[in-house]
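# Summary of structural features
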Amino acid sequence: MNTAVEILLVEDNLNDAEMTIRALRKNNLANSILHLKDGAEALEYIFGKEGNLTENIHHLKVILLDLKMPKVDGIEVLQKLKANEHTKKIPVVMLTSSKEDPDIQTCYNLGANSYVVKPVEFNAFIKAVSELGLYWLLLNQKPF
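Report on the accompanying structure. (Residues numbered from 1 in each chain as written. Predicted model: local features only at pLDDT ≥ 70, side-chain atom pairs only at ≥ 80, totals over all residues. Heavy atoms only, no water.)

### Looking at the overall build of the protein chain
Counting its regular elements, the protein chain contains five helices and five strands. The secondary structure elements of the protein chain, listed N-terminal to C-terminal, are β-α-β-α-β-α-β-α-β-α. Against the 2.2 N^0.38 benchmark of 15 Å for 144 residues, the protein chain shows a C-alpha radius of gyration of 14 Å, consistent with a compact globule. Referenced to the eigenvectors of the C-alpha coordinate spread, the extents of the protein chain come out at roughly 40 × 40 × 25 Å. In the protein chain, the proportion of contacts linking residues at least 24 apart, taken out of those at least 6 apart, comes to 67%. Entry remark: accessible area of the protein chain is about 7900 Å², with carbon and sulfur atoms responsible for 49%. If you average the places of the 16 positive and of the 19 negative side-chain charges in the protein chain, the two averages end up 5 Å apart. (Helix = DSSP H or I, 4+ residues; strand = E, 2+ residues; numbered from the N terminus. Rg over C-alpha atoms; globule rule 2.2 N^0.38 Å. Contact = heavy atoms within 4.5 Å. Areas by Shrake-Rupley, 256 points an atom, 1.4 Å probe, with all protein chains shown as cover. Lys, Arg positive; Asp, Glu negative; His and termini not counted. Charge placed at Lys NZ, Arg CZ, Asp CG, Glu CD.)

Take a look at the structure:
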């Protein structure tokens, strides 16, 4: 039986995705992670092909969402998640390389729970993602 997905990682950069998973694995959190390559895959995973919610949302504790992606970008995914009554309480952490103030403002205005700029240096990246995983999976209390 598969472990329920608690962390949804939506990241088009395979190197960043691998480093994120490695950091979570370091803290034994990677068994509950699903990596999707773009926003379209994320929306289908959550809302299904017909736009109806799937059972996949019930165990999600956090969505780590990249901003700049092909097909559907992170802002559109965030907007759809926060506009839906059933998904708006799922914590969404924007995990991106963009330090642009308009991006930060837009994400928080749409309801992002956190905005984290990916550290460039490997060890700093691993540490930041490890701390994110520990916080959202072990310390944060879900509202539902």
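### Digging into the pairing of strand E5 (residues 114–117)
Across four bridges, the pairing between strand E4 (residues 92–96) and E5 is parallel. The partner of Val-93 across the bridge, within E5, is Ser-114. Chirality of the crossover, the property in question, places the unit of E4, helix H4 (residues 101–110) and E5 among those that are right-handed. (Pairing = 2+ DSSP bridges. Right-handed = clockwise from strand over helix to strand, strands pointing away.)

### What to know about the packing of aromatic side chains
Summed over all chains, the structure comprises one aromatic pair. When the ring of Tyr-135 is compared with that of Trp-136, the centres are 4.9 Å apart and the planes differ by 85 degrees; the resulting orientation is edge-to-face. A relative accessible area of 9% means that Trp-136 is categorised as buried. (Phe/Tyr/Trp six-rings, centres within 6.5 Å; stacked < 30°, edge-to-face > 60°. Buried < 20%, exposed > 50% of the residue type's maximum accessible area, 1.4 Å probe, protein only.)

### Things to note about helix H5 (residues 122–139)
Across its 18 residues, H5 extends 25 Å between first and last C-alpha, which sits within 8% of the 26 Å expected from 1.5 Å per residue. Taken together, the buried positions of H5 are Phe-125, Ile-126, Ala-128, Val-129, Ser-130, Leu-132, Gly-133, Trp-136 and Leu-137. Structurally, H5 contributes buried residues whose contacts are with strand E1 (7–10), helix H1 (14–26), strand E3 (62–65), E4 and E5. If you check the start of H5, you find a side-chain oxygen 3.3 Å away from the backbone N of Asn-123, and it comes from Glu-121. (Expected span 1.5 Å × (residues − 1). Polar contact = N/O pair within 3.5 Å; in protein donor to acceptor, adjacent residues only side chain to side chain.)

### Brief notes about the pairing of E1
The side chains of a regular strand alternate between both faces of the sheet. Alternating residues of E1 divide into Ile-7 and Leu-9 and Leu-8 and Val-10, and every residue in both groups is buried. Pairing analysis gives four bridges linking E1 to strand E2 (residues 33–36), with the strands arranged parallel. By the bridge assignment for E2, Val-10 is matched with Leu-36. Inspection of the sheet shows E1 paired to E3 by four bridges, in the parallel sense. Bridging from a neighbouring strand, Ile-7 pairs with Val-62 of E3.

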